[in-house]
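# Coordinate inspection notes
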Amino acid sequence: MANPSATSVERVIAERPSAPKSAEVSAALNTLIRILKPLTSLRLTIACLLLAMVLVFVGTLAQKDLDAFYAQKRYFNSWFVFWSPAGKDWRVPVFPGGFLLGTVLLVNLIAAHVWRFTLSAKKLGIVLAHIGLILMLVGGLFTSLWSRDSRMVIPQGGTSNYAESFKDTELAVIDRSPADHDEVVSISAPMLAKEQTIQHPKLPFTIKTVQFFPNADVNKRAEESKPAAATQGFGTRLAVTPQPETTRPEQENLAAAVVELSAASGPLGRWLVCEQINRPQTVSFGGKNYDIQLRRTRYYKPYSIHLNKLTHEEYAGTNIPKNFASDIRLVDPERHEDRDTLIYMNHPLRYHGETFYQFQTLQNDKFTVFEVVRNPSWMLPYLSCLIVAFGLIYQFGFHLTKFFEKRFA
Amino acid sequence: MKRHVPWILTAVFVVWLLSALRIPAPKSAFNTNAFGKLPVLANGRLKPLDTVARTSLLMLRGKQSISDADDRALTPSEWMMDVLMRPSAADKLKVFVITSPDVLDQLHANLSQGKYYSFHELQPYLNEIERQSALAEKAGESPTGEKASGSAQSLFQREILKLRDRIVLYNRLKSSWLTGVEEHLRSEDFGARVEYLARAAYVRIVPRANDQDWQSAWQSLMETMRVGGRDESKPLSESLDPAVRAYATMANAYNSKDAPAFNDAVAKYRTALETNFGKFLKKTDYEFRFNAFEPFYQCMILYVCIFLLALFSWLVWPDVLGRSAFWLLVLTFVVHTFGLISRMWLQDRPPVTNLYSSAIFIGWAVCGLCIILERIFRNGIGSLTAATSGFITLLIAHHLSLEGDTMEMLRAVLDTNFWLATHVVAVTLGYAATFLAGLLAIIYILRGVFTTSLDKPTAKSLNNMVYGIVCFATLFSFVGTVLGGIWADQSWGRFWGFDPKENGALLIVLWNATILHARWGGFIRERGLMNMAVFGNIVTAFSWFGVNMLGAGLHSYGFMDQAYLWLIGFDISQIVLMIVGGIPLRHWRSFAKQAETAAAVADAAFRPAAVR
C-alpha cells in the first residue's frame, strides 16, 4: 500500500526520543515505544471514528423501541454493547460501547499530540482544536460520573424541599416524632432486591424483604380465598401481579415489595409497599409511629421552593404551547435567601450548584415539574466549543489564505 | 455580439421577474385582491386571508389552483370567498384529493372518475369515513406497548385519516363565518351550538389590539349576546362588532352578486382597519404581495435555466454560456435571498424555524457557496451544482408546504431567537456544505467515468473544492452541534442526551472528521475523497430527514410517508454512485484517454531514440 505521508508520520515518531544514556535504558525505552506507538496512530483514530458512527447510528435506530434512558445505558454509557439471545441469561459483548470508544479516542488524541507536538503557526489551529476536543471528552466523562438529574413536583400554591429521582426507588422509613424535623431512613431498591434482612441503628426493628418486584401491578384481591399480599396495612386487601420490566419509551416501572418487620420480641407482620399507591402506611412500635413508603428516591434540599403561580399559554386557536412559566419563591434559611423568581423555557434557575428547568406540567396545570440537575462540569463544553471553533477557523483560514496566495499570485 | 449574450439574457430575466411582481387584476367584477389582503388570525398567526386560502388549498388538494363548475380557474382568494360566504357553491367544487385506490374502493364510489372530489360528493360517505378513522386511530394506539408504533396502521388507514383531517379542516374553514346563524339562533340548544362553532372556527376575523386576542365571528357573537353585553333597546345586528357587520355586508353583497356593493364594503372595512389596526396591515399586505410573487417558484424556473446553460457550456461556447449561467445564478441568488429575508421579516425570526425553512435555507446556502466557487474556478461546476441543489431543495420545500402554513408558530421550547440564529443556522450550514461536497463529488464521478471531459485541471479544481467545502462543513457542523448541546444544557439541563436529532448531527461531524483525517493520513486520494464525500450525502440525509422518521407513521402523515421511500431511494442512488466511483481509474473514460495520451507521448519520446 503506497502511503507516503502516513509512513513519514510514523518515522518521525520512531526517531523522536533523544538518545538514552545506557543501552539497557535504551532497550527498555524502545520496547515501551513499540508498545505505545500504535496508540498514536492515525489509523486508530479513523477506526474509532468509524466505529463511533456505527454505534451512534445503531443507538439512534434503537430508540424507536427503547426509551432514551436505556438506549443511552446500553450503547453509550457502557464499555461494551452486549447481545443475549431471547430468554437467556448469558450475554456476549458484540461491539465496543461509548465509554470504550471515548476512552480509546481520548488516549489516542493525547498520545498523538504528545508525540507529534511541535509549536508552529502552521499547526496551531489543529493543536487548539484537539485540545478543545480533549476537554469535551473529559467533560463528558465528568458528566457521566458526577451529574445527577431529578425532578421536583410542586402543586399550585404548594411548597417542596426535595427532588426525586426519575428512575430510582427507595423504601423510606420515617420517624415523625422529633418536633422540628423528620428522621428518614432510606433503603435503596437494589438493597431491597437482595431480599436480605436489613438493620439500622436508628430503627428499633429489622426489615426483611420477602419479595421484590421491579415492576408490578397492584389490584384489589379478586377472591377472598386467594392469599393476601400482606398481613398488615393496605396490602391485606390487595394482590400483586408481577410485570416484566419495561424499557420502552414513555413507560415506567412501578416497583413493589413485601417486607417483614421484626423486633427483638418477634415479627410485627408483613407489609406490602408499592409505588403505585402513593401514600405512606403507619407502623406503630414502642409507643412511636413510623411511616413506611416505597417511592422514588428523594434528595432533600436545605431550602424550599414555593410555587406562586404556574402559567401555561397556547397560541390562539391551536394546541401549540406558547409559554410555560413558574413564578416561584425561593426560601433558604441557611443562606438568608428569600426571593421571587420566574422559571420558564430556556430560562432556568441556577442555585447552589443545581439548575432548575421548567420540565412539564401535570394534571391540567395543577402541578409544575422542574428538572433539577447537578452537573459540576457544565462549563466544560462551553469552553471546549470556543477553543475548537477558534482552532478550526484559524486552521482552515490558514489553508484558505495559502490557497488564494497560490492561485492569485 | 456574443460577448453581450450574458447581459442580455440576465436583463430579459430581470424584466420577466419584475413583471411577476405585478399583482394581476381580479378576473371578475369583485375585488378579490382587496378581500384576499384582509388580515385574520389563523393557527395563532396573523396573516392575509389569501395565505389561509393558499395553505388550505395545498392541504386539501395539494395544489394552489382550483376551477369552478364551468372550468374557470379560481384564485385562492376567490375560492375562499365561496367557502366563507357561499358554502353551498363551495361544496360543489372539487377540493379534496383522494389518490389511494383503497380509499376510493371503500367509499365505493359512485364517485365521479378522477383524483378530486367535492364535499357534496363525499357527503353520503361521511359516516363511513368517521367509522374507518376511529378504527384507524385504534390501530395506531399501543394498548400493551408491545410492538405498536405507527407501522401498526395500514396504508389504507393512514390514507383514510388524511382524508378525515382534510374534511375536518374544510368544515372548520366553513365554521369561520356565521353561516346559518338564523337557523342556529332559532334552535333550542343554541348556546351549545355557538360554543362549538366558536371553538371549531379555523379563521378568527374579528380584530383586537393584541394579536393573540383576535376572535372568531362566533366568539364575538357570543360576547355581544351575553347578558349586559349590549344595549337591549337596539336590534342585535346593530350591536355586533363592526368587523362582523362589515363581513356580513360583504357576504350579502356577494350572495346577491352585487359587485360594487361588495367592493365598497371591503374598502370601507379596510379603511376602518387602517385607522384602528394599522400596525397589523404592514406585514399582512407584504405577505399578500409575497404570496403573489411566489419567489421560490420563480427561483425553481431560474435554476432549471441555469442548469441547462451550465451543462451546455461544457459542450459548446464554454465562455458565453458559462458566464450567462453565472450571472443568472447571481440573479437567482438575489431572488432566493429576497424570499428568505421576507420570511424572516414576516416571522421576526432567524431563517430556519422548521423543516420547510431548512430546505429553503440549505438551497440558499449552497447557492451562495457555489457563487464563490464559480467566481474562483470559472468552470461551470459551481453554477451547475447550485442549480441542481437549488431546484431539489425547493422541490422538497414545496412538498413540505403541503403540510400547512410554513410560517407556523414556534412551540415554547423553540421560542428563542438567539439559539435559532446560532445553533440552527450553524447546523443547517453544516448540512448544506456536506451536501455541496457530495454533489461536487458526484459531478467528478459522472464526468470522469462517463465522459472524457474531466481533464487534469478540472479534476484538481474539483478536488480543491471538495476538500475546502468539507473543511467548511466540519467547522459549521461541529460548532452547530456543540451549540445545540449548549442550548440543551440551557433548556433541559443536559449537554448531550444521545437524542436522535443530536445523534444525526454528531454523525455528520464524525464523518467529516473521518474524511479529513483519512486525507491527512494519506489513506485516501482524489477518488477516495470523492467517494467519501458522496457517502456524506447519505449521512446528511439521515440526519436531516431520517431521524424525523424514527417514529414514522404515528405522528407523521402526508409527506413523511412518501419521504421515507424517497430517502431509501436516495440512499440507494448514492451507493450506486459510490460503486461507480469505485471502478478502477483505468476504466474511467476521462483517465483512459489521459493514459492513452500519456502513452502516446511516451511512445513518441521513445521512438526516435529507438530508431537511432
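These numbers were taken from a predicted model, which means no experiment stands behind them.

Quick look at the packing of helix 8 (residues 379-407) of chain A against helix 21 (residues 456-491) of chain B now. Running from amino to carboxyl end, helix 8 of chain A crosses helix 21 of chain B at an angle of 165°, the nearest separation of the two axes being 10 Å. Judged on the interaxial angle alone, helix 21 of chain B and helix 8 of chain A are roughly antiparallel. Seen from above, helix 8 of chain A lies across helix 21 of chain B with left-handed handedness. Residue-level inspection shows Pro381(A), Tyr382(A), Cys385(A), Val388(A), Ala389(A), Leu392(A), Ile393(A), Phe396(A), His399(A) and Phe403(A) of helix 8 of chain A in contact with helix 21 of chain B, the latter providing Asn464(B), Tyr467(B), Cys471(B), Thr474(B), Leu475(B), Phe478(B), Val479(B), Val482(B), Ile486(B), Asp489(B) and Gln490(B). Split by residue class, the contact of helix 8 of chain A with helix 21 of chain B holds 16 nonpolar, 4 polar and 1 charged.

Glancing now at the environment of Ala111(A). Residue and element names in this part refer to chain A. Within the secondary structure, Ala 111 is located in helix 5 (residues 98-116). Taking the C-alpha atoms as reference points, Ala 111 and Thr 45, separated by 66 residues in sequence, lie 11 Å from one another. Residue contacts for Ala 111: discarding those within four places in its chain leaves Leu 39 and Thr 40.

The subject of this paragraph is the sheet that holds strand 10 (residues 256-263) of chain A. All names here are of chain A. The 4 strands are arranged 6-7-10-11 in an open sheet whose pairing can be described as antiparallel. Bordering the open sheet on either side are strand 6 (197-198) and strand 11 (266-274), each of which pairs with just one other strand. Judged from the 8 bridges that link them, strand 10 and strand 11 form a sheet pairing that is antiparallel. Looking at the pairing, Ser 262 lines up with Pro 267 of strand 11.

Residue and element names in this part refer to chain B. Per-chain confidence: chain B averages 86 in pLDDT, with 91% of residues scoring 70 or above. Confidence drops under a pLDDT of 50 for residues 552-558, and excluding neighbours within four residues, the segment shows 14 contacts in the predicted structure. Confidence drops under pLDDT 50 across residues 608-612; counting only partners more than four residues distant or on other chains, this segment forms 0 contacts. For this predicted complex, the interface confidence score (ipTM) comes to 0.85, while the overall pTM stands at 0.85.

A few words now on the nonpolar core. All names here are of chain B. In this structure, Leu 440, Tyr 444 and Leu 462 are the most contacted members of the largest nonpolar core, which totals 134 residues. Beyond its immediate chain neighbours, meaning those up to four positions away, Leu 462 contacts Ile 381, Leu 440, Ile 443, Tyr 444, Leu 454 and Met 530. Membership of the second largest hydrophobic core comes to 76 residues, among which are Leu 107, Trp 177, Ala 243 and Met 250.

Residue and element names in this part refer to chain B. Considering the arrangement of structural elements, one finds His 423 in helix 20 (residues 417-450). A distance of 3.1 Å separates the side chain of His 423 from the backbone nitrogen of Gly 484, its partner in a polar contact. With near-sequence residues (within four places) excluded, His 423 lies in contact with Gly 480, Leu 483, Gly 484 and Trp 487.

Cut-offs used in this document
- Residues numbered from 1 in each chain as written.
- Chains lettered and ligands numbered in written order.
- Predicted model: local features only at pLDDT ≥ 70, side-chain atom pairs only at ≥ 80, totals over all residues.
- Heavy atoms only, no water.
- Axes fitted to C-alpha atoms, helices over the stretch in contact; angles between N-to-C directions.
- Helix = DSSP H or I, 4+ residues; strand = E, 2+ residues; numbered from the N terminus.
- Parallel < 35°, antiparallel > 145°, perpendicular 65-115°, else oblique.
- Left-handed = near helix turned anticlockwise from the far one by under 90°.
- Contact = heavy atoms within 4.5 Å.
- Nonpolar A, V, L, I, M, F, W, Y, C, P; charged D, E, K, R; others polar.
- Pairing = 2+ DSSP bridges.
- pLDDT = per-residue confidence, 0-100.
- Core = buried A, V, L, I, M, F, W, Y, C linked by side-chain atoms within 4.5 Å.
- Buried < 20%, exposed > 50% of the residue type's maximum accessible area, 1.4 Å probe, protein only.
- Polar contact = N/O pair within 3.5 Å; in protein donor to acceptor, adjacent residues only side chain to side chain.

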